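# Observations on the three-dimensional arrangement
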Amino acid sequence: MNIADLESLKQMLIDWTLEQGFQDVRITDTNLSEHAPRYQSWLSAGYHGDMGYLARNVDKRLHPERLVEETCRVIVARMDYLPADTQPLQVLEDPECGYISRYATGRDYHKVVRRRLARIADRLNEAVRPFDHRYRAFTDSAPVLEKALSVKAGHGWVGRNSLVLNEKAGSWFFLGEIYTNLPLPVDEPQQTDRCGACKACLNVCPTDAILDNRTIDARRCISYLTIENKGPIPETLRGAIGNRIYGCDDCQLYCPWNRDAPTTRETDFQPRPPLFDASLETLFSWSEDEFNRATEGTAMRRIGYEQWQRNIAVAMGNAPFSQAKVDALNARLPHVSPLVAEHIRWALDQLLSKNAER
Ligand code: SF4
Ligand code: SF4
């Protein structure tokens, strides 16, 4: 394949990617040597907590060609996901409501993004026949150093909140990658660090999880504590979790680059009522069947009913006292696992001590 063929292939690829609902696509090579030391020191410090998968296959994560043989380029696509009109700040500030991270209230992005990437990869494959095309599409599904690849490709910079920030799009987007052995023309990193003197994310992070070096101590991060963490939530952090029952968006909500961030038009990412603004008591009252029905096809399904109850119990303990909450928690106590029971007891202690102080 000559250079002109590769240039026109890249243009077709851009067109197909936009047709599939992505907002941007850029291409980079596989040399991650500049980004490797930071990842390795983050792991060595143990900041990944119990997410052992992040410490496995590090070699493949840092060397894309070892994950998919012969890979020489990574196509990185970006898709906005922020649903319009879900009033995240209002819900976050209402202690009677459960706050769910805005990426999770619609259809599971893994399915949506991967399916679209697969279509693009198939078209690419058809277009280059009989070239022996080796490729694979990923979205948050394999040892891929996604943020580093997207920065290298020119999608933005890593902000102090550790997310990729883009001048036009902020940070409310998903990333997906296609590894390929096609030597497509690469894009250059474009956006230099625009955080400047801002430290809004550090200041608002409820659990002080943001480190100085643009990484996160996942063990303190509410996203980790409420989603990845299968065990008890450390008592010292429960109060700071507030009403966040699945993930946390604070370091995006208060980032100035997100002030005018675009919202998504994807129907798949539209929030399912009542996931984005339901009361804690309503959500806590759900049976396992109701939880499964309400979360079917969403990323929230992965936490399961036990973690769901655990998280809501913590949020109820952080809410203002009401006899209805105490009654709901007490009524559930005999029917739950020891893990959930311990969090319910904690919540009852919090509520009863608030009542005693009134
Ligand atoms: S997601 Fe929340 S807890 Fe985690 S770093 Fe951002 S603000 Fe802090
Ligand atoms: S809040 Fe400020 S420091 Fe944090 S990522 Fe956004 S611009 Fe950077």
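So, here's what we can say about the structure.

Cut-offs applied
Residues numbered from 1 in each chain as written. Chains lettered and ligands numbered in written order. Predicted model: local features only at pLDDT ≥ 70, side-chain atom pairs only at ≥ 80, totals over all residues. Heavy atoms only, no water. Helix = DSSP H or I, 4+ residues; strand = E, 2+ residues; numbered from the N terminus. Rg over C-alpha atoms; globule rule 2.2 N^0.38 Å. Buried < 20%, exposed > 50% of the residue type's maximum accessible area, 1.4 Å probe, protein only. Contact = heavy atoms within 4.5 Å. Lys, Arg positive; Asp, Glu negative; His and termini not counted. Charge placed at Lys NZ, Arg CZ, Asp CG, Glu CD. Near = heavy atom within 4 Å. Nonpolar A, V, L, I, M, F, W, Y, C, P; charged D, E, K, R; others polar. Phe/Tyr/Trp six-rings, centres within 6.5 Å; stacked < 30°, edge-to-face > 60°. Lys NZ or Arg CZ within 6 Å of the ring centre and 35° of its normal.

### Here we look at the overall build of the protein
Looking only at helices and strands, the protein has 16 helices and 8 strands in total. Its C-alpha atoms give the protein a radius of gyration of 22 Å, within 12% of the compact-globule value 21 Å for 358 residues. When its C-alpha atoms are laid out on the principal axes, the protein stretches across 75 × 40 × 35 Å. A buried classification covers 56% of the 358 residues belonging to the protein. Nonlocal contacts in the protein, meaning residues at least 24 apart in sequence, comprise 77% of its contacts between residues at least 6 apart. Side chains of the protein give 44 positive and 49 negative charges; the mean places of these two sets differ by 1 Å.

### Things to note about the site of ligand 1
Close to ligand 1 lie Cys-205, Pro-206, Thr-207, Ile-210, Ile-216, Cys-221, Ile-222, Ser-223, Cys-248, Asp-250 and Cys-251. Elements that contribute at least two residues to the shell around ligand 1 include exactly α9 (222–228) and α11 (250–253). Looking at side-chain class alone, the shell around ligand 1 contains 8 nonpolar, 2 polar and 1 charged residues.

### Brief notes about the packing of aromatic side chains
Aromatic ring pairs: the centre-centre distance and the angle between the two ring planes describe each pair. Under the criterion given, the structure shown has 12 aromatic pairs. Note on Tyr-109 and Phe-174: the rings are 4.2 Å apart at their centroids and 10° apart in plane angle, and the pair reads as stacked. Of this pair, Tyr-109 sits in helix α6 (residues 109–128) while Phe-174 is found in strand β7 (residues 173–180), placing the two residues 65 residues apart along the sequence. The residues Tyr-109 and Phe-174 share a single accessibility class, namely buried. Where Trp-157 meets Trp-257, the ring centres are 5.4 Å apart and the plane angle is 80°; that geometry is what we call edge-to-face. Of this pair, Trp-157 sits in strand β5 (residues 157–158) while Trp-257 sits in the loop between α11 and α12 (280–285), placing them 100 residues apart in sequence. Residue class for Trp-257 comes out partly exposed when judged on its relative accessible area of 23%. Here a set of aromatic residues connected by ring pairs shows up, and it is made of Tyr-81, Tyr-103, Tyr-109, Trp-172, Phe-174, Tyr-246 and Phe-269. Just above the ring of Phe-173 sits the side chain of Arg-78; from NZ or CZ to the centre is 5.0 Å. Here Arg-332 stacks its cationic end above the ring of Phe-284, 4.8 Å away from the centre of that ring.

### Looking at unusual backbone geometry
Most peptide bonds adopt trans geometry, and most residues besides glycine take a negative phi value. Residue Pro-130 follows Arg-129 across a cis peptide bond; omega there is 5°. Within the fold, Pro-130 resides in the loop between α6 and β4 (135–138). Cis peptide bonds are those with omega within 30 degrees of zero, and the linkage from Pro-273 to Pro-274 qualifies with 5°. Note on placement: Pro-274 falls in the loop between α11 and α12. Backbone geometry places Ser-162, a non-glycine residue, at a positive phi of 75°. Here Ser-162 falls in the buried class, since its relative accessible area comes to 8%. Despite not being glycine, Arg-214 shows a phi value in the positive range, around 65°. Among the structural elements, Arg-214 can be located in the loop between α8 (200–204) and α9. Judged by relative accessible area, Arg-214 falls into the buried class, the value being 16%.

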